[in-house]
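# A structural walkthrough
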Amino acid sequence: MSKVAVVYWSGTGNTQMMAESVAAGAQAQGAEVSMFVPAEFTADMVAGFDGIAFGCPAMGSEVLEEGEFEPMFAGVEGALSGKKVGLFGSYGWGDGQWMRDWQDRVAADGAMLVSDGVVANAAPDGSALADCEALGKALA
Ligand SMILES: Cc1cc2nc3c(=O)[nH]c(=O)nc-3n(C[C@H](O)[C@H](O)[C@H](O)COP(=O)(O)O)c2cc1C
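Residues numbered from 1 in each chain as written. Predicted model: local features only at pLDDT ≥ 70, side-chain atom pairs only at ≥ 80, totals over all residues. Heavy atoms only, no water.

Following the sequence through the fold, E65 ends up in the loop between β3 (51–55) and α2 (69–76). The side chain of E65 sits in the buried core without any salt bridge; R105 is the nearest counter-charge, 11 Å away. A distance of 2.9 Å separates the side chain of E65 from the backbone nitrogen of G67, its partner in a polar contact. In this structure E65 touches W9, C56, P57, M59, E70 and P71, once residues within four positions along its chain are discounted. (Helix = DSSP H or I, 4+ residues; strand = E, 2+ residues; numbered from the N terminus. Buried < 20%, exposed > 50% of the residue type's maximum accessible area, 1.4 Å probe, protein only. Lys, Arg positive; Asp, Glu negative; His and termini not counted. Salt bridge = Lys/Arg side-chain N within 4 Å of Asp/Glu carboxyl O. Polar contact = N/O pair within 3.5 Å; in protein donor to acceptor, adjacent residues only side chain to side chain. Contact = heavy atoms within 4.5 Å.)

A word on the side chain of S21. By the secondary structure assignment, S21 is in helix α1 (residues 14–28). Excluding its chain neighbours within four sequence positions, the residues that come into contact with S21 are L129, C132 and E133.

Helix α4 (residues 126–139) packs onto α1 with a crossing angle of 45 degrees between their chain directions and a minimal axis gap of 6 Å. Our classification of the angle between α1 and α4 gives oblique. Relative to α4, α1 is oriented so that their crossing is right-handed. Across from M17, M18, S21, V22, G25, A26 and A28 in α1, the residues of α4 making contact are L129, C132, E133, L135, G136 and K137. A per-class count over the contact of α1 with α4 returns eight nonpolar, three polar and two charged. (Axes fitted to C-alpha atoms, helices over the stretch in contact; angles between N-to-C directions. Parallel < 35°, antiparallel > 145°, perpendicular 65-115°, else oblique. Left-handed = near helix turned anticlockwise from the far one by under 90°. Nonpolar A, V, L, I, M, F, W, Y, C, P; charged D, E, K, R; others polar.)

Written out as structure tokens, the structure is:
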């Protein structure tokens with residue numbers, strides 16, 4: 001059974017809804033899924049998972065959330081080389097620049113992105129949640 005981690009930050013619940021669909025997709029594919037908030041996930045845990053989904057909304061000015069998510073992610077990205085990774089998150093008024101920058105960053109880390117990052121404008125609709133499930137399946 002493959003092991004999948006879903007590591008996410010969500011201020012108002014939109015990215016959390018996406019995280020739950022990613023987890024459901026991975027579970028449907030037979031994976032053992034663990035969900036974490038940033039304070040619970042560290043670089044030494046990366047090796048214990050076959051695939052990792054990271055979720056964070058666009059914050060600041062088109063950046064990852066800086067109080068909890070960014071410090072966690074900066075700490076783990078050195079361990080992502082060769083790892084199957086998926087990205088997802090919600091945004092508001094922007095055009096998704098934070099996700100394009102994040103994908104470039106993860107690619108530079110040497111991770112294997114299983115798909116384009118899944119984005120949702122505000123609360124995810126059925127289509128975005130289906131994309132999240134597909135992301136979870138691809139990671140499993
Ligand atoms: C402090 C703050 C900064 C934000 N910055 C951006 C931004 O740069 N670009 C954007 O598209 N949305 C931005 N947003 C909107 C959020 O990404 C959007 O509300 C998202 O749905 C929040 O997801 P969550 O419910 O998972 O916290 C910002 C929201 C807040 C509160």
